[in-house]
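# An overview of the molecular structure
Next come the chains, spelled out residue by residue.
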Amino acid sequence: RKAAAAMREVNPDQPLWLEPDVSRNISLIAPLLPEPFPDDQVVYCPHTYPLLSAGTVEGWKSALRKSFLAMRNEADSWGAALHMNEWGANPVSPGSGAYIQAVQELSEEVHAGQAFWLWKENSQGFWGFFDYDAESGQWSERPGAARTVGKPYVMAMPGEWLEHGFDVDTRTLRARFRAAGGEAAPLLFLPSSWYPQGVRVTLNGAAVPVNVDPETHRAEIPWPGKTGDFELVVVPAE
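In this report, we go over the structure that sits alongside the text. Everything numeric in this text was worked out from a predicted model, so none of it was measured. (Residues numbered from 1 in each chain as written. Predicted model: local features only at pLDDT ≥ 70, side-chain atom pairs only at ≥ 80, totals over all residues. Heavy atoms only, no water.)

## With respect to the overall build of the protein chain
When you go through the protein chain residue by residue, the secondary structure sums to five helices and 15 strands. Taking 2.2 N^0.38 as the reference for a compact globule, 238 residues should give roughly 18 Å; the C-alpha atoms of the protein chain span a radius of gyration of 19 Å, in line with that estimate. Each principal axis of the C-alpha atoms in the protein chain carries an extent, and together these give about 55 × 50 × 40 Å. Here the protein chain holds 238 residues, and 42% of them are scored as buried. Within the protein chain, contacts between residues separated by at least 24 positions form 67% of all contacts whose residues are at least 6 apart in sequence. Counting only carbon and sulfur atoms, one obtains 53% of the accessible surface of the protein chain, whose full area is about 12900 Å². Positive and negative charge centroids in the protein chain, built from 19 and 30 side chains respectively, lie 4 Å apart. (Helix = DSSP H or I, 4+ residues; strand = E, 2+ residues; numbered from the N terminus. Rg over C-alpha atoms; globule rule 2.2 N^0.38 Å. Buried < 20%, exposed > 50% of the residue type's maximum accessible area, 1.4 Å probe, protein only. Contact = heavy atoms within 4.5 Å. Areas by Shrake-Rupley, 256 points an atom, 1.4 Å probe, with all protein chains shown as cover. Lys, Arg positive; Asp, Glu negative; His and termini not counted. Charge placed at Lys NZ, Arg CZ, Asp CG, Glu CD.)

## What about the pairing of strand S12 (residues 199–203)?
The pairing of S12 with strand S15 (residues 228–236) spans five bridges and is classified as antiparallel. Each bridged residue has a counterpart across the sheet, and for Thr-202 the counterpart in S15 is Val-233. Pairing between S12 and strand S13 (residues 206–208): three bridges, direction antiparallel. Among the inter-strand pairings, Leu-203 is bridged to a residue of S13, identified as Ala-206. From the end of S12 to the start of S13, which pair antiparallel, there are two residues, and Asn-204 there has a positive phi angle of about 50°. (Pairing = 2+ DSSP bridges.)

## Looking at the packing of helix H3 (residues 57–78) against helix H4 (residues 96–109)
Direction vectors running N to C along H3 and H4 enclose 40°, while the axes themselves pass 9 Å from each other. Between H3 and H4, the angle falls in the class oblique. In this structure, H3 meets H4 at a crossing whose hand is right-handed. Contacts from Val-57, Trp-60, Lys-61, Leu-64, Arg-65 and Phe-68 in H3 reach Ala-98, Tyr-99, Gln-101, Ala-102, Val-103, Glu-105, Leu-106, Ser-107 and Glu-109 in H4. Classifying every residue of the contact of H3 with H4 gives nine nonpolar, two polar and four charged. (Axes fitted to C-alpha atoms, helices over the stretch in contact; angles between N-to-C directions. Parallel < 35°, antiparallel > 145°, perpendicular 65-115°, else oblique. Left-handed = near helix turned anticlockwise from the far one by under 90°. Nonpolar A, V, L, I, M, F, W, Y, C, P; charged D, E, K, R; others polar.)

## Section: the sheet that holds strand S9 (residues 160–167)
Strand order across the open sheet formed by five strands is S9-S10-S15-S12-S13, with antiparallel pairing between neighbours. A strand with exactly one partner marks an edge of an open sheet, and here the two such strands are S9 and S13. Going across the sheet, the axis of each strand differs from the next one's by a mean of 20°, ignoring polarity. Two elements, S9 and strand S10 (residues 172–179), share seven bridges in a ladder whose sense is antiparallel. Counted as the bridge partner of Glu-163 is Arg-176 from S10.

## Focus: the side chain of Thr-48
By the element assignment, Thr-48 lies in strand S3 (residues 47–48). Beyond its immediate stretch of four places on either side in the chain, Thr-48 contacts Leu-28, Met-71, Met-84, Glu-86, Trp-87 and Tyr-99.

## Details of unusual backbone geometry
Residue Leu-118 is bonded to the preceding Trp-117 through a cis peptide linkage, with omega at 5°. One can find Leu-118 in the loop between strand S5 (113–116) and strand S6 (130–133). Of note, His-111 is a non-glycine position whose phi angle comes to about 55°, a positive value. For Arg-171, which is not a glycine, the phi torsion comes out positive at approximately 55°.

## Side note on the packing of aromatic side chains
One pass over the structure, following the stated rule, counts 15 aromatic pairs. Taking 6.0 Å as the distance between ring centres and 65° as the angle between the ring planes, the aromatic pair formed by Trp-87 and Tyr-99 counts as edge-to-face. Here Trp-87 is found in strand S4 (residues 81–87), whereas its partner Tyr-99 is found in helix H4, with 12 residues between them in sequence. Note on Trp-87 and Phe-116: the rings are 5.2 Å apart at their centroids and 90° apart in plane angle, and the pair reads as edge-to-face. (Phe/Tyr/Trp six-rings, centres within 6.5 Å; stacked < 30°, edge-to-face > 60°.)

## Some thoughts on the environment of Glu-183
Along the chain, the position of Glu-183 falls in the loop between S10 and strand S11 (187–189). In the structure, Glu-183 is positioned 43 residues away from Ser-140 in sequence and 40 Å away in space, judged by C-alpha atoms. With residues near it in sequence (within four places) discarded, Glu-183 still touches Pro-158, Gly-159, Trp-223, Gly-225 and Lys-226. Of note is the side chain of Glu-183, whose polar atom sits 2.8 Å from the backbone nitrogen of Ala-180. (Polar contact = N/O pair within 3.5 Å; in protein donor to acceptor, adjacent residues only side chain to side chain.)

Below is the structure:
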């Protein structure tokens with residue numbers, strides 16, 4: 001708390017990203033705070049590296065759901081936003097796809113942000129999205145790695161976040177939110193690896209035009225700034 005106060009003297013506006021004790025990486029649970037952290041711009045950011053094996057997506061979700069629900073309660077006790085700021089696996093190793101999908105779906109269930117470890121490396125088993133050739137010093141994208149981890153999602157949503165999920169079988173992205181009115185437009189990440197023929201988007205059942213940037217794979221949804229509950233659905237165009 002003293003460190004947070006000192007940081008606030010330097011920068012009064014930016015969120016403070018605070019990690020629980022490193023033991024949570026192993027125990028997958030941490031104590032609740034008896035009262036919220038004395039700052040209203042805090043992000044609770046645990047790491048997750050479970051020392052277990054579950055095999056299937058549903059097996060992993062069953063094994064980890066208790067930890068994710070605890071993570072949500074821990075963040076709430078801090079009065080903080082929740083962002084799992086380090087987790088990962090080798091994205092092209094056998095069986096890692098099930099773990100990655102399970103973690104992403106559990107994150108959606110508890111409304112947690114999450115950051116994958118890591119972008120690229122030439123040590124420790126190559127957990128990133130690129131291979132490294134030591135002779136040439138060149139990097140090359142690992143086939144399938146970006147698609148495994150980089151699933152479609154809503155990057156920003158007007159108002160209160162109610163539900164968010166991506167179905168890998170139907171390639172359907174669905175999000176519900178409650179807008180107070182006057183907020184900025186929804187911003188979506190819609191990678192071409194999942195939607196090679198483009199997308200079809202509806203807002204409360206009505207089709208809306210969408211232009212996906214070919215470089216960033218981002219799309220801003222036309223948004224009138226209305227008040228109420230909304231459902232945003234994205235499906236493949238074909």
